[in-house]
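# Architecture and fold: a report
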Amino acid sequence: MYDRRDFAGWRERSVYELARWKNGLAFKNIDFSPSGRPVIKIAELKAGITPQTARTSATYDQSVFVRAGDMLFSWSGNPDTSIDVFRWRGEDGWLNQHIFKVTPDEGIDEEFLFFVLRWLKPRFAEIARNKQTTGLGHVTLQDLKRMVVGVPELDEQRRITSIVSPYEDKIELNRRMNETLEAMAQAIFRDWFVDFGPVRRKLAGETDPVAIMGGLSADPARAAEVAGLFPATLGEEGLPEGWTAGAAGALIEFNPREPLRKGAAAPYSDMSSLPTVGSNADLPIMRDFGSGMRFRNGDALLARITPCLENGKAAFVDFLTEEFPVGWGSTEFIVHRARPGTPRALPYLLCRNDDYRSHAIQSMTGTSGRQRAQAESLEAWPMAIPTGPVLDAFSAFVDAFFDRISANGRENRTLAETRDYLLPRLMSGQVRVGESAKFASEVAA
């Protein structure tokens with residue numbers, strides 16, 4: 001893959017020569033403030049800006065100022081999950097150490113450089129693993145100077161990116177769509193089951209069904225049907241009339257038992273497969289069952305150990321097959337399963353709820369650095385228990401969102417597979433632009 005003979009007459013240059021590489025600053029706690037611009041660390045590259053993101057009101061050199069669209073290369077961390085190239089999509093901020101801000105040199109197309117670094121990701125991971133200490137590895141400027149690639153003329157660079165970019169663009173479009181769909185589902189969850197929005201709007205004198213439902217449905221008949229499921233009064237406990245005070249355990253089964261024979265091969269998900277944002281987990285690998293949490297499609301996985309819980313690791317299970325309907329994973333998961341009558345997406349939405357996550361964090365016990373949330377404490381989380389018709393109406397809206405999210409996730413995996421099949425062949429000159437359609441059809445088949 002990195003044999004220079006593959007460059008097919010292109011000019012050979014070191015990766016270092018292709019760009020200017022500006023490392024971020026070594027911030028200290030004294031630099032941080034309650035407000036100001038975000039400090040962009042590796043956590044922000046992977047999860048975006050979160051409430052845990054550090055901020056600073058100070059001003060630094062513009063060379064470490066990051067704007068949307070800037071190319072960033074994380075050169076230190078876990079070789080397989082942290083070292084990678086990113087496009088910054090968040091608000092403007094200041095760059096932390098262990099990340100290069102990458103500016104292409106003259107004659108190098110920016111998108112072409114992005115895909116060169118994406119192509120070389122396996123090589124970067126290999127270099128970092130060879131230097132790995134206490135779980136961390138790194139790629140230095142000296143490593144970049146030793147890595148040689150072939151660089152075609154600018155027009156050819158742009159032709160190559162014109163083949164690969166549509167895959168990347170569609171993956172990003174699907175990701176944003178999933179982000180929007182999940183945000184809509186979360187908004188409905190909070191409005192109905194936390195804020196009791198439809199009830200409070202009735203109490204405030206609202207009579208328009210569309211307004212009572214917060215504009216959820218533009219169809220007046222459908223809005224009236226759903227609005228009619230909500231009472232117009234709150235009981236003595238502050239709950240909608242007809243609802244009951246209960247706990248999460250009334251709607252959700254925690255760590256359910258599943259038959260899985262010891263030593264039998266089954267899909268396995270480790271902690272690194274769980275995302276910090278969004279519901280789509282990485283695909284599992286096959287591994288003989290030993291000891292771990294078991295789950296089925298429709299379950300929600302929540303990391304219970306520090307710092308994974310604080311970092312937001314959770315997922316909606318939608319990747320198991322009829323052949324292998326039961327998967328297993330880390331003992332550091334808490335599995336949430338909807339009880340009969342509970343909407344299947346509700347446990348996952350609860351796992352992403354800020355108040356619930358704060359409760360989980362506060363329930364952690366154990367020694368410093370190895371603290372774990374307790375399933376028993378989460379099971380006792382106070383919840384208002386709605387009527388069955390309200391739960392059914394919630395399913396009717398939200399299940400469709402998660403069907404689309406799962407479909408987008410599957411499409412993204414196929415797109416990434418095609419992109420990763422084409423990328424090394426195009427970047428090495430092994431396949432010319434005119435032949436790419438043939439190779440793309442091969443992987444699709």
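See the structure printed just above.
To start, this report covers the structure provided alongside it. (Residues numbered from 1 in each chain as written. Predicted model: local features only at pLDDT ≥ 70, side-chain atom pairs only at ≥ 80, totals over all residues. Heavy atoms only, no water.)

Below, the discussion takes up the nonpolar core. Formed by 51 residues in total, the largest nonpolar core has its most connected members in W192, F193, L349, V398 and F402. The residues touching L349, leaving out its near neighbours within four places in the chain, are A185, Q186, F189, F394, V398 and F402. Residues L18, V139, I171 and L415 belong to the second largest nonpolar core, which totals 39 residues. (Core = buried A, V, L, I, M, F, W, Y, C linked by side-chain atoms within 4.5 Å. Buried < 20%, exposed > 50% of the residue type's maximum accessible area, 1.4 Å probe, protein only. Contact = heavy atoms within 4.5 Å.)

Under the defined criterion, the tally for this structure stands at 32 salt bridges. Salt-bridge contacts for R89 lead to E172; the nearest nitrogen and oxygen are separated by 4.0 Å. Placement of the pair is R89 in the loop between β8 (84-87) and β9 (93-95) and E172 in helix α5 (residues 154-193), with a sequence separation of 83 residues. E172 is the partner of R175 in a salt bridge, and the nearest nitrogen-oxygen pair spans 2.7 Å. (Salt bridge = Lys/Arg side-chain N within 4 Å of Asp/Glu carboxyl O. Helix = DSSP H or I, 4+ residues; strand = E, 2+ residues; numbered from the N terminus.)

Strand order in the open sheet formed by 4 strands is β2-β10-β6-β8, and the pairing between neighbours is antiparallel. Each edge of the open sheet carries a strand with a single partner, namely β2 (19-23) and β8. Taking the axes of each pair of neighbouring strands and ignoring which way they run, one obtains an average angle of 30 degrees across the sheet. Bridge count for strand β6 (residues 71-74) against strand β10 (residues 99-104) is 4 bridges, and the pairing is antiparallel. Along β10, the bridge assignment pairs L72 with K101. Packing of helix α2 (residues 110-119) onto the sheet brings it into contact with β2, β6, β8 and β10, and relative to β8 it is tilted by some 145 degrees. (Pairing = 2+ DSSP bridges. Axes fitted to C-alpha atoms, helices over the stretch in contact; angles between N-to-C directions.)

Of the two faces of β6, the one lined by M71 and F73 and the one lined by L72 and S74 are each fully buried. Sheet topology places β6 next to β8; 4 bridges connect them, and they run antiparallel. Residue S74 lies in a different strand from β8, and its bridge partner there is D84.

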